[in-house]
Amino acid sequence: MSTILIASHGPGTGKTSVAAGLAALIARGGAAVSVCKPLSSAGRSDPDAVYFAQNFRGGVAVASNDDSASLDAAASAVRSLSGISEHTLVEVANPVSGSGIASSTTAGLVERLSARVIAVFGYNTALSAVSVSSDVALLGDALAGVVINQVPRYRLAAAGRLLAELNAAGVRAIAALPEDRPMLSLTMNQLEQQLAGHWELAPPDGDDWIDRFLIGGNIMDSGAGYFGRFAHQAVITRAERPDIQMASLMQNTRCLVLTGGARPTEYIRVEASKREVPVLLVDGGTVATADAIGDLLGAVVPYHPHKADRMADLLAERIDLTTLLS
């Protein structure tokens, strides 16, 4: 049985997504895998821990502190998963301040579990081989590898050079993962809540997801050319524009967001119902609604099966899983 800790240098780096994606990738190979987050200041209600327990055969958090007794309890909880899994992934909670990679929590779990650590860094232009090497130095031989996550597509070449510099310095760097639309997607339920809208036609599944937003205005392209480009899109347009609404319904639109507070025409309601396209009504204007959607990244969470599968795809293209688990 292998035990791998997923730790990060700070919050918001995507280590929950990396842990879930790695678990999904391991499971594709037929091995039994569990994921857990045994330590959290939120205790048993920690949403990451609950997500792992419900979807990846892991347990919920057992302790909220990082003292010796809590670390002992956490390690015991992780060991208990060995009876059901060949591999266990453990998300390490971030400390109140400082790097989670060099924290006493990470060190304590490494010691108690003889675990190795995947160190997750969120990409930014200040990252360097020197800073990353310094952060992971205390791990020594326990370092399984460095992952640079959330790399803008236009920065992938720079991230690749950073990985090469780390490897040349003797620090094992295993992947640079790009920013990815499905990983930034929102569910229908989240969209309704964040825009304070109400459904004219409710979605068949509130957990269905959207990763693109198109503005339906005075477009120069054909309806098929403009609205037919993406598979998981929502279209934002005024309720008084049935021509745009119909053009989008004929393509891959997953949701219509109608602005201005008015209801759509009966014809649009019938067509949307026939195609099972939900229709969300919001009171604000199109520009204000588009601006509000631009602020929705703060509502993005990793707790959706398609995100674990997508992260598994991204990892599969970039890592040697056999070497990582050996």
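Reading guide: rules and limits
Residues numbered from 1 in each chain as written. Predicted model: local features only at pLDDT ≥ 70, side-chain atom pairs only at ≥ 80, totals over all residues. Heavy atoms only, no water. Helix = DSSP H or I, 4+ residues; strand = E, 2+ residues; numbered from the N terminus. Buried < 20%, exposed > 50% of the residue type's maximum accessible area, 1.4 Å probe, protein only. Contact = heavy atoms within 4.5 Å. Areas by Shrake-Rupley, 256 points an atom, 1.4 Å probe, with all protein chains shown as cover. Core = buried A, V, L, I, M, F, W, Y, C linked by side-chain atoms within 4.5 Å. Salt bridge = Lys/Arg side-chain N within 4 Å of Asp/Glu carboxyl O. Pairing = 2+ DSSP bridges. Right-handed = clockwise from strand over helix to strand, strands pointing away. Polar contact = N/O pair within 3.5 Å; in protein donor to acceptor, adjacent residues only side chain to side chain.

1. Considerations on the overall build of the protein
Secondary structure summary: the protein contains 13 helices and 13 strands in total. If you line up the protein on its principal axes, its C-alpha atoms span 65 × 40 × 40 Å. Across the 326 residues of the protein, 52% fall into the buried class. Taking the contacts inside the protein whose residues are at least 6 apart along the sequence as the reference set, 67% of them involve residues at least 24 apart. Within the structure as shown, the protein displays about 14300 Å² of accessible surface, and the carbon and sulfur contribution to it stands at 50%.

2. Looking at the nonpolar core
Grouped together as the largest cluster of nonpolar side chains are 38 residues, with contacts concentrated most on L5, L109, F121, V136, V146, I148 and L166. For this core, the secondary structure elements donating two or more residues are β1 (2-8), α3 (68-79), α4 (104-113), β4 (116-122), α5 (129-136), β5 (143-151), α6 (156-168) and β6 (173-178). Here V146 is in contact with A119, F121, V132, V136, L166, V171, R172, A173, I174 and A175, once residues within four sequence places are set aside. Judged by nonpolar contacts, the second largest core, of 33 residues, contains I26, Y51, F56 and L314.

3. Digging into the pattern of salt bridges
In the structure shown here, the tally under the stated rule is 16 salt bridges. Note that R310 and D180 form a salt bridge whose closest N and O atoms lie 2.8 Å from each other. A residue pair is termed long-range when its members are at least 10 positions apart, and R310 in helix α12 (residues 305-316) and D180 in the loop between β6 and β7 (186-187) qualify at 130 residues. One salt bridge in this structure joins R254 and D208, with 2.7 Å as the shortest N-O distance. With R254 in strand β12 (residues 253-259) and D208 in the loop between β8 (198-201) and β9 (209-210), this residue pair connects regions lying 46 residues apart in the sequence. Residue R254 is classed as partly exposed on the basis of its relative accessible area, which comes to 24%. Each of K15, K37, D46, D48 and E91 takes part in a single network of salt bridges with overlapping partners.

4. Here we look at the pairing of β5
Among the nine residues that make up β5, eight are buried, leaving the element largely enclosed by the rest of the structure. Looking at chain direction, β4 and β5 are connected through six bridges and run parallel. For V120, the partnering residue across the bridge sits in β5 and is V147. Traced from β4 through α5 to β5, the parallel crossover comes out right-handed. Of the pairings in the sheet, the one linking β5 to β6 comprises four bridges and is parallel in character. In the strand pairing of β6, I148 is matched with A176. The handedness of the β5 to β6 crossover, carried by α6, is right-handed.

5. Focus on the side chain of S85
Considering the arrangement of structural elements, one finds S85 in the loop between α3 and β3 (87-91). Exposure remark for S85: the relative accessible area of 6% places this residue in the buried category. Of the polar contacts made by the side chain of S85, one reaches the side chain of R57; its length is 3.5 Å. Residues within four places of S85 in sequence aside, it is in contact with M1, A32, V33, S34 and R57.

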